[in-house]
Amino acid sequence: MNLKVLQESDLERIQELEKSLVNTEEMDEFERETLSWTASWRRESLEHYLPLGWSFGAWEGEEGKSPLLGYFLAQPFLFFRSLTQTLWLERLKTSDKSVGESLVDLAYRLCR
């Protein structure tokens with residue numbers, strides 16, 4: 001598994017992953033659509049987080065040739081509760097437990 005910084009060009013892949021995960025849940029079409037209006041993976045949110053360089057994605061093989069397995073959106077949060085820098089995780093999403101553990105481990109290492 002390859003963990004790499006997400007780029008703005010990955011926006012569509014993130015939305016594809018999210019929509020495929022939402023489609024597996026017990027929701028009707030209208031609920032899925034209204035969820036996408038306020039979700040942290042909507043276009044406006046991704047356009048904010050991706051250029052910052054703190055969001056990472058997990059791919060099984062080479063980034064351009066394999067599907068996105070999971071990701072997290074993050075940004076530094078400065079001077080919070082007397083800490084000089086904190087990593088704010090907005091969203092971590094995957095359907096695979098081991099991918100999720102790898103992403104959490106990466107986020108933890110970034111915080112150190």
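This write-up is about the structure you can find in this document. (Residues numbered from 1 in each chain as written. Predicted model: local features only at pLDDT ≥ 70, side-chain atom pairs only at ≥ 80, totals over all residues. Heavy atoms only, no water.)

**A short note on the overall build of the chain**
When helices and strands are tallied, the chain shows four helices and four strands. Order of helices (α) and strands (β) in the chain, N terminus to C terminus: β-α-α-α-β-β-β-α. Relative to its length of 112 residues, the chain is compact, with a C-alpha radius of gyration of 14 Å against a globular reference of 13 Å. Buried positions account for 33% of the 112 residues belonging to the chain. If you take every contact in the chain between residues at least 6 apart in sequence, the share linking residues at least 24 apart comes to 58%. Only carbon and sulfur atoms are counted for the fraction: they give 51% of the accessible area of the chain, which is about 7,200 Å². For the chain, the distance from the average position of its 13 positive side-chain charges to the average position of its 20 negative side-chain charges is 6 Å. (Helix = DSSP H or I, 4+ residues; strand = E, 2+ residues; numbered from the N terminus. Rg over C-alpha atoms; globule rule 2.2 N^0.38 Å. Buried < 20%, exposed > 50% of the residue type's maximum accessible area, 1.4 Å probe, protein only. Contact = heavy atoms within 4.5 Å. Areas by Shrake-Rupley, 256 points an atom, 1.4 Å probe, with all protein chains shown as cover. Lys, Arg positive; Asp, Glu negative; His and termini not counted. Charge placed at Lys NZ, Arg CZ, Asp CG, Glu CD.)

**Notes on the pattern of salt bridges**
With the rule as written, the count across this model stands at five salt bridges. Taking the shortest distance from any N to any O, the salt bridge between Glu12 and Arg43 comes out at 2.7 Å. Here the residue Glu12 occupies a position in helix α1 (residues 11–23), and Arg43 occupies one in helix α3 (residues 43–49), the gap between them amounting to 31 residues. Of the residues examined, Arg43 reaches a relative accessible area of 36% and is grouped as partly exposed. Put simply, Arg91 and Glu18 hold a salt bridge, and the shortest N to O gap is 2.7 Å. Taken together, the positions of Arg91 in strand β4 (residues 83–94) and Glu18 in helix α1 put the pair 73 residues apart, joining distant regions of the chain. One salt-bridge network, in which partners are shared between bridges, spans Glu12, Arg43 and Glu47. (Salt bridge = Lys/Arg side-chain N within 4 Å of Asp/Glu carboxyl O.)

**Here's the deal with the side chain of Gln15**
Here Gln15 is to be found in helix α1. On the accessibility criterion, Gln15 (12% relative accessible area) is buried. With sequence-adjacent residues up to four places away left out, Gln15 is seen in contact with Trp41, Arg42, Arg43 and Leu46.

**Some thoughts on the pairing of strand β2 (residues 56–59)**
Residues in a regular strand project their side chains so that they alternate between the two faces of the sheet. Of the two faces of β2, both are covered, the one formed by Phe56 and Ala58 as well as the one formed by Gly57 and Trp59. Pairing of strand β1 (residues 2–5) with β2, which is carried by four bridges, proceeds in the antiparallel orientation. Each bridged residue has a counterpart across the sheet, and for Val5 the counterpart in β2 is Phe56. Alignment of β2 against strand β3 (residues 68–80), held across four bridges, turns out to be antiparallel. Counted as the bridge partner of Gly57 is Tyr71 from β3. (Pairing = 2+ DSSP bridges.)

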